[in-house]
Amino acid sequence: MDLILWRHAEAIDLDLVGDDMLRTLTSKGDKQATRMAAWLDRQLPDGTKIWASPAVRTDQTAQALGRKFKKHSAIAPLGSVEDLLGLVQWPHAKGCVLVVGHQPTLGQTISRLLGLNESECAIKKGAVWWLRYREREGVGQTVVVTVQSPELL
């Protein structure tokens, strides 16, 4: 199973709208989402399942990809690692799943899957972490396939 975690691109400050769920992308965020989506579109296998948080900024980030996706509250802001992993059926699902979500949940998920000592891994806005579950000699492993930042594309 491949799990791709994509943090939403740069969004406006909370104090400008008052509701975290209504925050939209900035013009820089639009550019970040467009660059990353172009890269992802070339890499994603056919049949990739795509999930996005119901927040406006994740919806806008996912829309840049131009593929069908579903929204789910399990990956809304301040969602839990358990809810995210349950939604994507890690590590038992077949194929590839892309999740467009938020910090700290995405960073906490990466830390848990990689067995890091820190409780949370920092993820830049608009960046992607591509993880793969595999078994070697009967032991399950999580492997980092790639980490991409929109500024480097």
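Residues numbered from 1 in each chain as written. Predicted model: local features only at pLDDT ≥ 70, side-chain atom pairs only at ≥ 80, totals over all residues. Heavy atoms only, no water.

A.B. asks: So what about the pairing of strand β1 (residues 2–7)? Which residues, and what values?
C.D. replies: Across the six residues of β1, six count as buried, placing the element largely inside the fold. As paired strands, β1 and strand β4 (residues 96–101) are joined by six bridges and run parallel to one another. Each bridged residue has a counterpart across the sheet, and for I4 the counterpart in β4 is L98. Where β1 lies against strand β5 (residues 128–136), five bridges are found, and the strand directions are antiparallel. Its bridge partner lying in β5, L3 is registered against L131. (Buried < 20%, exposed > 50% of the residue type's maximum accessible area, 1.4 Å probe, protein only. Helix = DSSP H or I, 4+ residues; strand = E, 2+ residues; numbered from the N terminus. Pairing = 2+ DSSP bridges.)

A.B. asks: Can you explain the sheet that holds β5? Please cite residues and give values.
C.D. replies: As summarised here, the arrangement of the six strands in space is β3-β2-β4-β1-β5-β6, forming an open sheet in which the pairing is mixed. Two strands bound the open sheet, and with one partner strand each, they are β3 (70–71) and β6 (139–148). The sheet strands contacting helix α2 (residues 56–63) are β1, β2 (49–52), β3 and β4, and the helix crosses β4 at an angle near 135 degrees. (Contact = heavy atoms within 4.5 Å. Axes fitted to C-alpha atoms, helices over the stretch in contact; angles between N-to-C directions.)

A.B. asks: Now, about helix α1 (residues 27–43): what can you tell me, with residues and values included?
C.D. replies: Each full turn of the α-helix corresponds to 3.6 residues, which orients residues three or four apart in the same direction. With 17 residues, α1 should cover 24 Å at 1.5 Å per step; its first-to-last C-alpha distance of 25 Å lies within 8% of that length. For α1, the full list of buried residues reads G29, Q32, A33, M36, A37, W39 and L40. As for α1, its buried residues are in contact with β1, α2, β4, β5 and β6. (Expected span 1.5 Å × (residues − 1).)

A.B. asks: Give me the side chain of H8: which residues, what numbers.
C.D. replies: With respect to the element layout, H8 can be found in the loop between β1 and α1. Given a relative accessible area of 4%, H8 falls into the buried group. Setting aside chain neighbours within four positions, we find H8 in contact with R57, T58, T61, G101, H102, K125 and G126.

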